[in-house]
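Residues per chain, in single letters:
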Amino acid sequence: LKQLAPGMIRAARSLLGATHADVDDVVQQSLIGLVQSLPAFRFECSAAHFASRIVARTALAFRRRAALR
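What counts, and at which threshold
- Residues numbered from 1 in each chain as written.
- Predicted model: local features only at pLDDT ≥ 70, side-chain atom pairs only at ≥ 80, totals over all residues.
- Heavy atoms only, no water.
- Helix = DSSP H or I, 4+ residues; strand = E, 2+ residues; numbered from the N terminus.
- Rg over C-alpha atoms; globule rule 2.2 N^0.38 Å.
- Buried < 20%, exposed > 50% of the residue type's maximum accessible area, 1.4 Å probe, protein only.
- Contact = heavy atoms within 4.5 Å.
- Lys, Arg positive; Asp, Glu negative; His and termini not counted.
- Charge placed at Lys NZ, Arg CZ, Asp CG, Glu CD.
- Patch = residues over 30% accessible without salt bridge, like charges linked within 9 Å, V, L, I, M, F, W, Y side chains within 5 Å.
- Areas by Shrake-Rupley, 256 points an atom, 1.4 Å probe, with all protein chains shown as cover.
- Salt bridge = Lys/Arg side-chain N within 4 Å of Asp/Glu carboxyl O.

Draft legend 1. A look at the overall build of the protein chain. Helix and strand content of the protein chain: 3 helices and 0 strands. Ordering the α and β elements of the protein chain from the N terminus gives α-α-α. Over its C-alpha trace the protein chain gives a radius of gyration of 12 Å, about what one expects of a compact globule, namely 11 Å for 69 residues. The principal-axis extent of the C-alpha atoms belonging to the protein chain is close to 35 × 20 × 15 Å. Within the protein chain, buried positions represent 30% of all 69 residues. Sequence-distant contacts, at least 24 apart, represent 57% of the contacts inside the protein chain between residues at least 6 apart. Between the centroid of the 10 positive side chains of the protein chain and the centroid of its 4 negative side chains there is a distance of 5 Å.

Draft legend 2. Structural context of the environment of Q28. Its location among the elements puts Q28 in helix α2 (residues 23-37). The class of Q28 is partly exposed, set by a relative accessible area of 48%. Taking the C-alpha atoms as reference, Q28 lies 9.5 Å from V55; in sequence the two are 27 residues apart.

Draft legend 3. Focus on a nonpolar patch on the surface. The grouping of L1, V35 and L38 at the surface amounts to a nonpolar patch, some 280 Å² of accessible area in total. Turning to its location among the elements, L38 is positioned in the loop between α2 and α3 (47-68). Take L38: its relative accessible area is 45%, and that puts it in the partly exposed class.

Draft legend 4. Structural view of the pattern of salt bridges. Using the criterion set out here, one finds 1 salt bridge in the structure. A salt bridge links E44 to R42, with the nearest nitrogen and oxygen atoms 3.2 Å apart. Across the pair, R42 and E44 agree in class, each one exposed.

Here it is as structure tokens:
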């Protein structure tokens with residue numbers, strides 16, 4: 001997680017905007033999602049790519065929920 005977290009932060013900032021107030025929340029949810037999805041990781045891609053996809057999906061879901069409010 002220490003090695004993947006900086007890339008996940010960069011991905012969240014690029015998707016939401018560097019100054020978005022919820023970047024930390026998205027990264028935290030993404031880290032939790034990464035740990036929970038490790039049993040499904042099939043090593044077909046790099047761990048960094050797997051983590052970035054989780055961040056992307058988490059950020060998009062977060063934006064959808066915010067738009068509904």
